[in-house]
Every structure is written in C-alpha cells, then in structure tokens.
Amino acid sequence: MPIILLIIALVALKYFEVWKFAELSWWWITGTMGVAFLWFEFLEPMLGLDKRKAHNVDEQRRKDRVKKAFDDLKKRK
C-alpha cells in the first residue's frame, strides 16, 4: 500500500509542478508503477503475503465469533 501512496504523491507533485518534481521524468513514475505491478502480481503471491493477510482476517473473524458465543452463554446464566 505505501507504494501506491508514493505513486499517487509523485503523480500529483509532477502534475502540479511542485518544486523539483516538476523536472522529474514521467519514466520514474511509470517505473514505480511497474514495480508496484510486479510486486502485487508476482512477488506478493509468491511469498505468500496475500494468503497470510487472508488468514489473519479469517482468524480474527473466528475469534470474534467465539467471543460472541461465550458472551451470549454468560448472559443466559
């Protein structure tokens, strides 16, 4: 996600010609977009980072469900 924010910032700074970014070549921005594409399409799945994020979400959902079930059980007693 930080690389996406960097790309957005670079595009905005280049477009509005802020400071030294006005002289920055569009190739740097396009290159950064290429790196982001390679990261999200190839490297992240290869390293299993996308599965880890999904697993963490599922784990949190399971913990919340168990906590709710025990809270409901306590309320019944």
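Preceding this section is the structure that the text describes.
Just so you know, these numbers come straight off a predicted model, no measurement behind them.

Draft legend 1. Expanded view of the overall build of the chain. Along its length, the chain carries three helices and zero strands. Helices and strands in the chain line up, N terminus first, as α-α-α. Scaling as 2.2 N^0.38, a compact globule of 77 residues should have a C-alpha radius of gyration of about 11 Å, whereas the chain reaches 22 Å, well beyond that. Structurally, the chain occupies a C-alpha span of about 70 × 30 × 10 Å along its principal axes.

Draft legend 2. Region of interest: the environment of G34. Inspection of the secondary structure assignment puts G34 in helix α2 (residues 26–47). Sequence separation between G34 and A9 is 25 residues; the distance between their C-alpha atoms is 16 Å.

Draft legend 3. A look at the packing of α2 against helix α3 (residues 49–76). Taken N-terminus to C-terminus, the directions of α2 and α3 make an angle of 70°; their axes are 5 Å apart at the nearest point. Accordingly, the angle class assigned to the pair α2 and α3 is roughly perpendicular. Residues W39, E44, P45 and L47 of α2 lie in contact with α3, whose contacting residues are L49, D50, R52 and K53. Considered class by class, the residues forming the contact of α2 with α3 number four nonpolar, no polar and four charged.

Calculation criteria
Residues numbered from 1 in each chain as written. Predicted model: local features only at pLDDT ≥ 70, side-chain atom pairs only at ≥ 80, totals over all residues. Heavy atoms only, no water. Helix = DSSP H or I, 4+ residues; strand = E, 2+ residues; numbered from the N terminus. Rg over C-alpha atoms; globule rule 2.2 N^0.38 Å. Axes fitted to C-alpha atoms, helices over the stretch in contact; angles between N-to-C directions. Parallel < 35°, antiparallel > 145°, perpendicular 65-115°, else oblique. Contact = heavy atoms within 4.5 Å. Nonpolar A, V, L, I, M, F, W, Y, C, P; charged D, E, K, R; others polar.

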